[in-house]
Amino acid sequence: MAEYVAPIKDMQFVLKHLVGLDQVNTLPGWEDVTEDVVDAILEEAGKLAGEVLSPLNATGDRQGCKWNDGVVTTPKGFKDAYFQYVNAGWGNILSPTRYGGQGLPHMLATPVEEMWGSANLAFKLCPMLTQGAIEAIEYVGPDSLREKYLPNMISGKWTGTMNLTEPQAGSDLSLVRTKATPQGDGAYRLTGQKIFITYGEHDYTENIIHLVLARIDGAPEGVKGISLFVVPKFLLKADGTVGERNDVKCVSIEHKMGIHASPTAVMAYGEKGGATGYLVGEANRGLEYMFIMMNAARLSVGLEGVAVAERAYQRALGWSRERLQGRPAGGNVKTAPIVQHPDVKRMLLTMKSITEASRALAYWTSAILDRARKHSDEAERKRSQALVDFLIPIVKGWSTENGIDVASLGIQVHGGMGFIEETGAAQHLRDARITTIYEGTTGIQANDLVGRKMERVGGRTALGLLAEIDQVFAKLGNSGDLNLKGIGVALGTANTSARDAVQWTAKTFGTNPGAVAAGSTYILKLLGITLGGWMLARSAEIAARQLAEGQGDAAFLKSKILTARFFAEHLLPQAPALAIAAIQGGDSVLAVEEAML
Ligand SMILES: Cc1cc2nc3c(=O)[nH]c(=O)nc-3n(C[C@H](O)[C@H](O)[C@H](O)COP(=O)(O)OP(=O)(O)OC[C@H]3O[C@@H](n4cnc5c(N)ncnc54)[C@H](O)[C@@H]3O)c2cc1C
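Heads up: these notes are all about the structure in this document.

Parameters at a glance
- Residues numbered from 1 in each chain as written.
- Predicted model: local features only at pLDDT ≥ 70, side-chain atom pairs only at ≥ 80, totals over all residues.
- Heavy atoms only, no water.
- Helix = DSSP H or I, 4+ residues; strand = E, 2+ residues; numbered from the N terminus.
- Expected span 1.5 Å × (residues − 1).
- Buried < 20%, exposed > 50% of the residue type's maximum accessible area, 1.4 Å probe, protein only.
- Contact = heavy atoms within 4.5 Å.
- Polar contact = N/O pair within 3.5 Å; in protein donor to acceptor, adjacent residues only side chain to side chain.
- Pairing = 2+ DSSP bridges.
- Near = heavy atom within 4 Å.
- Areas by Shrake-Rupley, 256 points an atom, 1.4 Å probe, with all protein chains shown as cover.
- Patch = residues over 30% accessible without salt bridge, like charges linked within 9 Å, V, L, I, M, F, W, Y side chains within 5 Å.
- Salt bridge = Lys/Arg side-chain N within 4 Å of Asp/Glu carboxyl O.
- Axes fitted to C-alpha atoms, helices over the stretch in contact; angles between N-to-C directions.
- Parallel < 35°, antiparallel > 145°, perpendicular 65-115°, else oblique.
- Left-handed = near helix turned anticlockwise from the far one by under 90°.

Here's the deal with helix H19 (residues 554-570)
Taking 1.5 Å per residue, 17 residues should reach 24 Å; H19 reaches 24 Å between its end C-alpha atoms and fits that length. Of all the positions in H19, only Phe 556, Leu 557, Lys 560, Ile 561, Thr 563, Ala 564, Phe 566, Phe 567 and Ala 568 are classed as buried. On the buried face of H19, the contacting elements are helix H1 (8-18), helix H10 (342-374), helix H11 (378-414), helix H16 (482-508) and helix H18 (520-548). The opening residue of H19 is Asp 553, an N-cap whose side-chain oxygen sits 3.0 Å from the backbone nitrogen of Ala 555.

Here we look at the pairing of strand E3 (residues 158-163)
Each regular strand shows side chains that alternate between the opposite faces of the sheet. Along E3, 6 of the 6 residues are buried, which leaves the element largely enclosed by surrounding structure. Residue alternation in E3 divides its side chains into two sets, Trp 158, Gly 160 and Met 162 and Thr 159, Thr 161 and Asn 163, and both sets are buried. The pairing of E3 with strand E6 (residues 207-216) spans 6 bridges and is parallel. What sits directly across from Gly 160, in E6, is Ile 209.

Quick notes on the pairing of strand E7 (residues 227-232)
Most of E7 sits out of view: 6 of its 6 residues are buried. Side chains of E7 alternate between two faces, with Ser 227, Phe 229 and Val 231 and Leu 228, Val 230 and Pro 232 buried alike. Sheet topology places E7 next to strand E12 (residues 275-280); 3 bridges connect them, and they run antiparallel. Pairing of Leu 228 across the sheet is with Val 280, part of E12.

Notes on unusual backbone geometry
Residue Pro 142 follows Gly 141 across a cis peptide bond; omega there is 10 degrees. Mapped onto the fold, Pro 142 is located in the loop between helix H7 (121-140) and helix H8 (143-155). For Asp 69, which is not glycine, the phi torsion reads 50 degrees and is therefore positive. With respect to the helices and strands, Asp 69 occurs in the loop between strand E1 (66-68) and strand E2 (71-73).

Overview of the site of the ligand
The full set close to the ligand counts 19 residues, and Thr 165, Ser 171, Phe 196, Thr 198 and Thr 441 are the nearest of them. Take Leu 164: an N or O atom from its main chain is 2.8 Å from an oxygen atom of the ligand. Protein contact buries 62% of the 970 Å² of open area that the ligand shows by itself. Going through the elements one at a time, E3, strand E5 (188-198) and helix H14 (442-450) are the ones with two or more residues in the shell around the ligand. For the shell around the ligand, the leading source of residues is E5, giving 3 residues.

Quick notes on a nonpolar patch on the surface
On the surface, a nonpolar cluster with roughly 310 Å² of combined accessible area is contributed by Met 417, Phe 419 and Ile 420. As for its position among the elements, Met 417 is in helix H12 (residues 416-419). Overall, Met 417 belongs to the partly exposed group, its relative accessible area being 30%.

Concerning the packing of H16 against helix H20 (residues 574-584)
Packing of H16 against H20 brings their axes to within 8 Å, and their N-to-C directions diverge by 15 degrees. Classified by the angle between their axes, H16 and H20 sit roughly parallel to one another. Where H16 crosses over H20, the two elements pack in a sense that is left-handed. Across the interface between the two elements, Thr 493, Ala 494, Ser 497, Asp 500, Ala 501 and Trp 504 from H16 touch Ala 575, Pro 576, Ala 579, Ala 582 and Ile 583 from H20.

These figures capture arrangement, not role.
Shown next as structure tokens:
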């Protein structure tokens, strides 16, 4: 299958039956987000993704971006696609209504964003980064910046970037060196270099608004001395229109393994004396502001894992139905489509079940993010925020690692042709590979999970969630339906392993942090698999109920149940092994001295 077809049925099932659309539209301001509205939005987004963005995916990969003396040209068709995207209003669905956005819930924006990522990951990054920059300005202001910049960023007339990374400051942003010197008129002069800046320069729009982390002269060392600035590519005239060029330049773009149509820029600030920048919020609180926005950004990148996995699955499934090879075990035809071979079916089901589990977990997290931001009850907002904080590193880390695994399996399903670029399977793996790195590597997500999100709170949020899973396990484990019973039992075993690992982490972190750090990625995966299995178990339970009541599409519902059973039998058994590796494996890591490596 060459072009992407949005998996609207699965998206609708997850939104309507699994993650609580009926609750999100009780939140203030979202009463109109009804099932009909959701259906119409998914349908329209699916058309743009499949008909406009998807056909540019392979050509964008082949052509890549070109740099010439500071000017970046994106591949043919991308600029036009960008205008189709913003003119149809897709760029502003999450943005505040006060500045021209639609202010829709994350829960609805999430499947839409998944579609852009599946259709064309390189394209999707520009709106994603713009959204991050909009949120930064919106949250922390001041009003003067909001009014000057937000309307044009929200309409898509200008785009935004996030400039954090420097050659010596990647995962560790306390090492940021870019300098900001007060000009005396309220503005600052920025000097320094940023690297790896996604869409730092491009030809889509007349202006680019950079959000830049820098240190004000005399600021304290480390994370407490970093401030956030708006630095526009073109300064604005008094009437708000684009004026003179600011002292910021794209000095080169990177040659990369994937996402070739997304320019990754090296940015020089202040080669001619200093780029004019404006402080966002208070001085020295820049990193704290970045962390406020990090949840949404990491959820977006986690979703990229789901998106690429979906696309890779669709391509592999299409191929497996057309490619004829060999006699399937137990079959009586001489040559059959490879989809009929049990081992190929196993690979496809692995791809499908992991994708559906990761999707459900990401959508559920976005629904909780909405509750954390909008619920009328403060206690519920706090509870939801703690849950989102806990879930985000899992969604980011687990889903992106899954995206790579699924894209790699997609190549395997294609055989030798998967390794040959023309089938498109290889591009998915190359594109997916960055998702476990940017916006915080899997190792950084795992550190965050076991430290801030578990040890500091004694594992309370995690244990509360695992107690909820126990209830599903108890119910399904005693079911008379053999599919549900098997799913319930496997979920129960995985849940016990997850609980052991969480309790061990909370107990051990204070005395032996190295051992916990050595196994933190296993703990992240263990929680991902368990929570993903829980999502699929609940899907199976809902599907079985709908089937019994004669509702819905029987083939789709049966597939939901069997996909959950497959995940329970093939993926959930990894949980005990991951717990053992996490709990017992730290010593061997710590015993090996650096010189022995
Ligand atoms: C294509 C692309 C686009 C990007 N877009 C942007 C962008 O728009 N804006 C931006 O600011 N940046 C961007 N980045 C930068 C990206 O966020 C960083 O590359 C990423 O955060 C990792 O930092 P690093 O490359 O310096 O790796 P390092 O920090 O050097 O990490 C190397 C390895 O060490 C591990 N490690 C490091 N510290 C720890 C620790 N404390 N505990 C355990 N393990 C650790 C990491 O997990 C990793 O495996 C982009 C990068 C790329 C390649």
